[in-house]
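So the chains spell out like this:
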Amino acid sequence: LGGRWLQNGGSYGLAIASIPSKAIPQVVERITGNFVAQRQGTESFQDWCKRVGKKALKGMIEDLAPVPPYAQRPDFYTDWGDPRAYTIGDMGTGECAGEVVSLVEFGFRDAESTAFEAQLLLESGEFQQADAKAYQAMLIAARTLLRTEIPDVPDQPDVIVNEFRTRFVETKRFWDKFHADQFAKYLFARHDTPDLRFTQQTAHQVSEEAQLFIDAAHKCHAQMMADRPAANVVQLKL
């Protein structure tokens, strides 16, 4: 929420929470309803988001984040317009595939949650702490990708950065067709040459870069999944 396209894209949208798809209509109604009720004059949505603050925005929808038990809401376990219940049975990559995907998703959620904490610290004027949290969020996202290849990769910044550089950047797997390795450079710059002034501007920059890095990590993993060979798939013709 709250991304700006004016002023040279002065602020990127922030991931507030992970929401089940069946709860999205309620989220939209709640956010827009609060905006209409609370906006001041001709206040824009972006300015309203900034005024009420990220903590309040998350509070508006966080009760919609949990997935209810199947017995209570079986409709949450089917996609829109599709009566079939979700299953990992057709993934075709072995019985552990579901666990691997879950670990990756947990890792990215942890990274997004940490980036959100950095934004809260930034809003409260705790710039050094915000910088540290944003840096931590990038490390978590990088480690999440590494764990798809090195499950027991140590939680040590030097190891994470070096392995990430070798396995994902030098091989051009963590790569953007328009920006090349720019998003990876955000992590490397913060790790190698941190700006120790810890001002609002420097903390804001690292926080925004952390969000872009996490988004790029999501895309990298999605591409990895798309490139994965469809092993162990058996087609039966009856």
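Residues numbered from 1 in each chain as written. Predicted model: local features only at pLDDT ≥ 70, side-chain atom pairs only at ≥ 80, totals over all residues. Heavy atoms only, no water.

Novice: Can you help me understand the overall build of the protein chain in this one?
Specialist: Scanning the protein chain from terminus to terminus reveals eight helices and zero strands. Along the protein chain, helices (α) and strands (β) appear in the sequence α-α-α-α-α-α-α-α when read from the amino end. Taken over 238 residues, the protein chain has a buried fraction of 36%. Taking as baseline every contact in the protein chain between residues at least 6 positions apart, the subset at least 24 positions apart corresponds to 63%. (Helix = DSSP H or I, 4+ residues; strand = E, 2+ residues; numbered from the N terminus. Buried < 20%, exposed > 50% of the residue type's maximum accessible area, 1.4 Å probe, protein only. Contact = heavy atoms within 4.5 Å.)

Novice: When you look at the side chain of Asp176 in this model, what are you seeing that I'm missing?
Specialist: Within the secondary structure layout, Asp176 lies in the loop between helix H6 (157-169) and helix H7 (182-192). It turns out Asp176 is buried and unbridged, and the closest side chain with the opposite charge, Lys219, is 5.1 Å from it. Reaching out from Asp176, the side chain makes a polar contact with the backbone nitrogen of Phe178 at a distance of 2.8 Å. A polar contact of 2.8 Å, which involves the side chain of Asp176, links it to the backbone nitrogen of His179. (Lys, Arg positive; Asp, Glu negative; His and termini not counted. Salt bridge = Lys/Arg side-chain N within 4 Å of Asp/Glu carboxyl O. Polar contact = N/O pair within 3.5 Å; in protein donor to acceptor, adjacent residues only side chain to side chain.)

Novice: Sorry if this is basic, but what is going on with the packing of aromatic side chains here?
Specialist: A complete count under the given rule lists ten aromatic pairs for this structure. On the basis of an interplanar angle of 35° and a centroid distance of 5.1 Å, the ring pair of Phe174 and Phe213 is categorised as tilted. Here Phe213 lies in helix H8 (residues 200-227) and Phe174 lies in the loop between H6 and H7, a separation of 39 residues in the sequence. For Phe174, a relative accessible area of 3% gives the class buried. Among the aromatic residues, ring-to-ring pairing joins Phe164, Phe168, Phe174, Phe188 and Phe213 into one connected group. Lys22 extends its terminal NZ or CZ atom over the ring of Trp80, reaching a point 5.2 Å from the ring centre. Its end group placed over the ring of Phe168, Arg173 keeps NZ or CZ at 4.5 Å from the ring centre. (Phe/Tyr/Trp six-rings, centres within 6.5 Å; stacked < 30°, edge-to-face > 60°. Lys NZ or Arg CZ within 6 Å of the ring centre and 35° of its normal.)

Novice: Got a minute to help me understand the environment of Leu57 in this structure?
Specialist: With respect to the helices, strands and loops of the structure, Leu57 is situated in helix H3 (residues 54-61). A relative accessible area of 2% places Leu57 in the buried class. On a C-alpha basis, the gap between Leu57 and Ile16 in space is 7.7 Å, while along the polypeptide they are 41 residues apart. In contact with Leu57, other than residues within four places in its own chain, are Leu1, Ile16, Ile31, Trp48, Cys49 and Val52.

Novice: How should I be thinking about H6 in this particular structure?
Specialist: What sets the pattern is the α-helix's 3.6 residues per turn: residues three or four places apart point alike. Of the positions making up H6, those classed as buried are Ile160, Val161, Phe164, Phe168 and Val169. Down the axis, H6 shows its buried residues gathered within 90° of arc, on one side only. Looking at the buried residues of H6, the elements they touch are helix H5 (127-146), H7 and H8. (Arc of directions from axis to C-beta.)

By themselves, these are just geometric observations and shouldn't be taken as functional.
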